[in-house]
Amino acid sequence: MSSIRILPENISNKIAAGEVIERPASVVKELVENSIDASAKNIYVNIENSGKKLIAVVDDGLGMDSDDALLCLEAHATSKILKEDDINNIVTMGFRGEALPSIASISRFRLRTRKQNMVEGTEVIVHGGRFISENPIGCAPGTEIRISDIFFNTPARKKFLKSAVTEEKHIHEALCLLALANPEIAFELKMDGRTVISTPADKDILPRLGVLLGNHAVSSMVPIDFENSGIKVNGYISVPGFVKNNRREQRIFINGRPIKTNIAYSAIRDAYDTMIMKGSYPVVTLYVNLSPRDVDINVHPAKHEARFRNERLMSSVIRQGISEALRKAVKPVSAVSTQKLSLNSILQGAEVSYIERQVLNIESTDVLPIQTEITPEKPKIGKPILSTLNKPIKNPTKPKKDLPESGNLNLDLVTDEKDVKMESNYSFKKEKISLPGSGNINVIGNLDDTYILGTSDIGLIIIDQHAAHERILYEKMLNSSPDESNSQKLLMPITVTLSRIEANIINKKQAVFNNLGFEIEPFGEDTVLVTAIPPDFPMDNISGLISDLLDEIISNGESIKKIDDSIIAGAACKLAVKAHDKISLLESNELIRRLSRCNLPFSCPHGRPTVINISFKELEKRFGRKL
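Residues numbered from 1 in each chain as written. Predicted model: local features only at pLDDT ≥ 70, side-chain atom pairs only at ≥ 80, totals over all residues. Heavy atoms only, no water.

**Concerning the packing of aromatic side chains**
Definition in use: Ring geometry is summarised as follows: Phe, Tyr and Trp rings, the Trp one being its six-membered ring, pair when their centres sit within 6.5 Å, and such pairs are stacked at plane angles under 30 degrees, edge-to-face over 60 and tilted between the two. In this scheme, the term charge over a ring applies when either NZ of a lysine or CZ of an arginine sits within 6 Å of the ring centre and within 35 degrees of the ring normal.
Under the counting rule described, the total for this entry stands at 1 aromatic pair. For Arg 108, the ring lying beneath its charged end belongs to Phe 152, and the centroid distance is 4.1 Å.

**A few points about the confidence of the model for the chain**
Defined as follows: pLDDT runs from 0 to 100 and stands for how confident the predictor is about each residue. Going along the chain from the N terminus, every DSSP run of H or I of four or more residues is numbered as a helix, and every run of E of two or more is numbered as a strand. We call two residues in contact when some of their heavy atoms are within 4.5 Å.
For the chain, the mean per-residue pLDDT works out to 76, and 70% of the residues sit at or above 70. For the chain, strand 19 (residues 367-369) is the element with the lowest average pLDDT, namely 33, and strand 1 (residues 42-48) is the one with the highest, namely 97. Confidence drops under pLDDT 50 across residues 332-430; counting only partners more than four residues distant or on other chains, this segment forms 144 contacts. Note that pLDDT drops below 50 for residues 557-563; the model gives that stretch 12 contacts with residues more than four away or on any other chain.

**Examining helix 10 (residues 311-329)**
Applied cut-off: Each helix should span, by expectation, one fewer than its residue count multiplied by 1.5 Å. Buried, partly exposed and exposed residues are distinguished by accessible area as a fraction of the type maximum, computed with a 1.4 Å probe on protein chains only: under 20%, between the cut-offs, and over 50%, respectively.
Spanning 19 residues, helix 10 covers 27 Å between terminal C-alpha atoms, matching the ideal 27 Å at 1.5 Å per step. For helix 10, the full list of buried residues reads Met 314, Ser 315, Ser 316, Val 317, Ile 318, Gly 321, Ile 322, Ser 323, Ala 325 and Leu 326. Each element contacted by the buried residues of helix 10 is listed here: strand 9 (221-228), strand 10 (231-238), helix 9 (262-272), strand 15 (284-289) and strand 17 (307-308).

**Here's the deal with the nonpolar core**
Condition: Remark: nonpolar core denotes a set of buried residues (Ala, Val, Leu, Ile, Met, Phe, Trp, Tyr, Cys) joined through side-chain atoms within 4.5 Å.
Residues Val 32, Phe 109, Ile 237 and Ile 322 are the most contacted members of the largest nonpolar core, which totals 90 residues. Considering each element in turn, this core owes the most residues, 9 residues, to helix 6 (residues 164-181). When neighbours within four sequence positions are excluded, Ile 237 is seen to be in contact with Ser 220, Met 221, Val 222, Ile 224, Tyr 272, Val 283, Val 284, Leu 286, Ile 322, Ala 325 and Leu 326. If you look at the next biggest cluster of nonpolar residues, it comprises 27 residues, including Ile 494, Leu 516, Phe 518 and Val 528.

**As for the sheet that holds strand 2 (residues 54-59)**
To keep things clear, this is the line we draw: Strands pair, by our definition, only if DSSP identifies at least two bridges between them. All axes are obtained by fitting lines to C-alpha atoms, using only the stretch in contact for helices, and the reported angles, taken between N-to-C directions, cover 0 to 180 degrees.
Here we have 8 strands laid out as an open sheet, ordered 5-4-3-6-2-1-7-8, and mixed in their pairing. Both outer strands of the open sheet, strand 5 (130-137) and strand 8 (194-199), are each paired with one neighbouring strand and no more. When strand polarity is set aside, the average angle formed by the axes of neighbouring strands in this sheet is 10 degrees. As defined by bridge partners, strand 1 adjoins strand 2 across 6 bridges and the pair is classed as antiparallel.

**Notes on the pattern of salt bridges**
A pair can form between side chains of opposite charge whenever their charged atoms are brought close. Condition: Definition used for salt bridges: Asp or Glu carboxyl oxygen within 4 Å of a side-chain nitrogen of Lys or Arg.
Applying the stated criterion across every chain yields a total of 18 salt bridges. Among the salt bridges present, the one from Lys 328 reaches Glu 324, with a minimum N-O distance of 3.8 Å. Remark: Glu 324 and Lys 328 occur in helix 10; sequence separation between them is 4 residues, near one turn of the helix. For Lys 328, a relative accessible area of 58% puts it in the exposed group.

**Some remarks on the state of the cysteines**
Which entries qualify depends on this criterion: Put simply, a disulfide is two cysteine sulfurs that come within 2.5 Å.
For the coordinates displayed, the defined rule picks out 0 disulfides. A disulfide-free cysteine, Cys 573 has its sulfur positioned 7.6 Å from the sulfur of Cys 604, the nearest such atom.

**What to know about the packing of helix 2 (residues 24-37) against helix 6**
Using the following cut-off: The cut-offs work like this: below 35 degrees is roughly parallel, past 145 is roughly antiparallel, 65 to 115 is roughly perpendicular, and the gaps in between are oblique. Whether a crossing is left-handed or right-handed is set by the direction in which the near helix is turned from the far one by less than a right angle, anticlockwise for left-handed and clockwise for right-handed.
The geometry of helix 2 relative to helix 6 is characterised by a closest axis approach of 8 Å and an angle of 20 degrees between their N-to-C directions. The angle between the axes of helix 2 and helix 6 places the two elements in the roughly parallel class. Taken as a pair, helix 2 and helix 6 cross one another with a handedness that is right-handed. On helix 6, the residues touching Pro 24, Ala 25, Val 28, Lys 29, Val 32, Glu 33 and Ile 36 of helix 2 are Glu 167, His 170, Ile 171, Ala 174, Leu 175 and Leu 178.

**Section: the side chain of Thr 143**
Under the convention used in this document: Contacts described as polar in this section are N or O atom pairs within 3.5 Å, which, within protein, must combine one atom able to donate a hydrogen with one able to accept it, while residues neighboring in sequence count only if both atoms come from side chains.
Structurally, Thr 143 can be placed in strand 6 (residues 142-148). For Thr 143, a relative accessible area of 11% gives the class buried. Among the polar contacts made by the side chain of Thr 143, one reaches the side chain of Thr 113 at a distance of 3.1 Å. Once residues within four sequence positions are removed from consideration, Thr 143 is found in contact with Val 57, Val 58, Asp 59, Gly 63, Met 64, Leu 111, Arg 112 and Thr 113.

**Some thoughts on the environment of Pro 609**
Mapped onto the fold, Pro 609 is located in the loop between helix 19 (585-596) and strand 27 (611-615). As a C-alpha pair, Pro 609 and Ala 468 span 141 residues in sequence and 8.4 Å in three-dimensional space. With residues up to four places along the chain from it excluded, the contact list for Pro 609 reads Asp 464, Ala 467, Phe 602 and Ser 603.

**Here's the deal with the sheet that holds strand 13 (residues 257-258)**
Ordered by their spatial adjacency, 5 strands build an open sheet running 9-10-15-12-13, and the pairing between neighbours is mixed. The sheet terminates laterally at strand 9 and strand 13, the two strands that pair on one side only. Sheet topology note: the strand 12 (residues 250-254)/strand 13 ladder contains 2 bridges and is antiparallel. Bridging across to strand 13, Phe 253 finds its partner in Pro 258.

What follows is the structure, encoded as C-alpha cells:
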C-alpha cells in the first residue's frame, strides 16, 4: 500500500499560510495589494488590538461578481496569469493565488464585494477554511474584507506573535511601503479608532514622504533621477549628515514593489563610501524601474525578494545614480553667505542644509556665520566626552567628593595641549582602584583610543572604554528611583518630529520615558515637545537618539520589564563614550573607579566583556620564559 498521500485542501492551505501569513501585517499587505490590483483609488484599513481582533480592508476598486467571489478562495485561483509566459512578465502586485485561501484558513473571514455596474453584491463567510455561507447583499461598489480572530485555529502560531507595539509597527511599515509605492492612491490606516496614516492621492511622492517619514527627514533629503542601460532610478536620499543606526529607513521599490535586496543595499553603501561612518545608514526611498523580464519576483511566497538577470549592472546603475545626486547636493559653497543661524535653532532641529551644518563654527559664538571654505582637521587632543561621570543622577548638585583633587583642571574638558601638560604633571590622589579578580590597577595609557591599559599585581589589564562606560550608566539609570531628581529641565523645549507610529508609541510608553528622565508632551499628530532630558543625555541629536530608543521598544516582546531594561540599555549605549573617542588619563582612572563600584562590572548590558586580564604566567608563556 502506498505511503504517499495527497494532502486535503484545508491542510495544504494552512501550510501555504505558514509561508505567506507570518503575522497580521502579512494579512494587511496581501489584502491591500489585491486592492491596488483592483484599480482602487481609495483604500481604508482598520485595525483592532494590533490585528489580533480585527483587520478590515475596504476599497473602491473594480469589485467581483458572485462567481469570482467564490473562486478567489480556491487555491491558486488568480486573474493575473493566463499563460506560462506571463510569469516572466509580471506587472501586478499579486499573481500566485495563495493569499486569500491561506488567510481564510486561519481566521474568521468575511468578504463583501460588488462590481460597479451591478445592482447587488455578494457576501461570503468562511471560518478556519470551512465554508459557512454565500448570499447576495447590498453593499458599496468595491470590496470589503474583514479578518477576525487571526490564528484562532492554530494556537501554536498565535503564541509566536509579538507585543501589540511590535505588531502595530509591522502593520504601519507594511502600509507605509505600499503607500510610498502608489502615491496616486489615497490611504487611511486606523488603529483602535485612532488615525495613524492619512495620505491623499498625489502624483508627487514628496508630500507623502513628509507625512510618512516626517518633515525632519524630508528636509534632509535630496532628489535622485538617473537612467542608464534601460534601468531608471529615482526617489530621494538623505545627505551624508543625516543617518540612522540601522537600515529600517532604506526602502527599495522594484517596478513599484517593495523589495529587500542586498544588491541595492550594497550599492547604496558603496555610493556613500567614506562620507558616512561604518555602522551608519542613510535614509533612502529608491524607485528602480526596469523590464519585468530582467527581474524575477517569484522567489518567495511573500514576494519581498527578487533576482536580477544582470546583478552587476543593477548595482552599478544604482551606485552611479546616488553618487551623481550626492555630487550635486554636496558641492562647495562658492560665495560668502551672510546668513546667521543660532546655536539653539540648530540644536532644536532647524532645517539647515548639509553644507551649512558642515561649515558652522559651533565653538565661537551663539550667533554662527557660515564660512566658505572648510579644511577638515583632526582634533589634536580630543573632545569632552565623560561629562556623565561627573553628573550623578541621584543628586546633580551634590559636591563631587569622590573625584580626584585636580585643582583647576576640569576633568571633563581636557581638550588642548595646555590641559594635557597639566595632566602629565598632575600627581594622582593615592587611592587604590581595584576590580574583583584583577587586584589594584594602575592606568598606564590608552590603546587606539578604544582600550584602557593598566597593570596590576596579577598582570596586564585591558578595559574596553565603551563597554565599561555602558555598564556604569546602565546601573546608574537602573538604580535611580522615581522620587529622585533624574531630569534636567531645558531652558528652551525641543520640538522633535517623528513618524506617527513613533509618536503613538511614546504616548503609550510615557511612564517608561519618564523613569529614564525624559519629559515629553504631545505637540500635534506627529510631533512631541521635549521639556526635560536625563542629565547625561547629549543635546546634539535628541530626535535621533529618541528614535533609537523607540527601536528598542519595537524590537522587544510582551514583558514590560524587558522593555524597560532594554530601553535603559539602549540609552546607556547611546550616551557612553565610543571607541576611538579620546579620553584623558584622569578620565580613564575615574571610569575604572566607577566601574569597580558596579554590581556586575565584567560585562556591558548587552553581554560584551568590559575587562580582559592577561596574567604574568600567560605573558611568560607567550614569550617563552616558561613552558
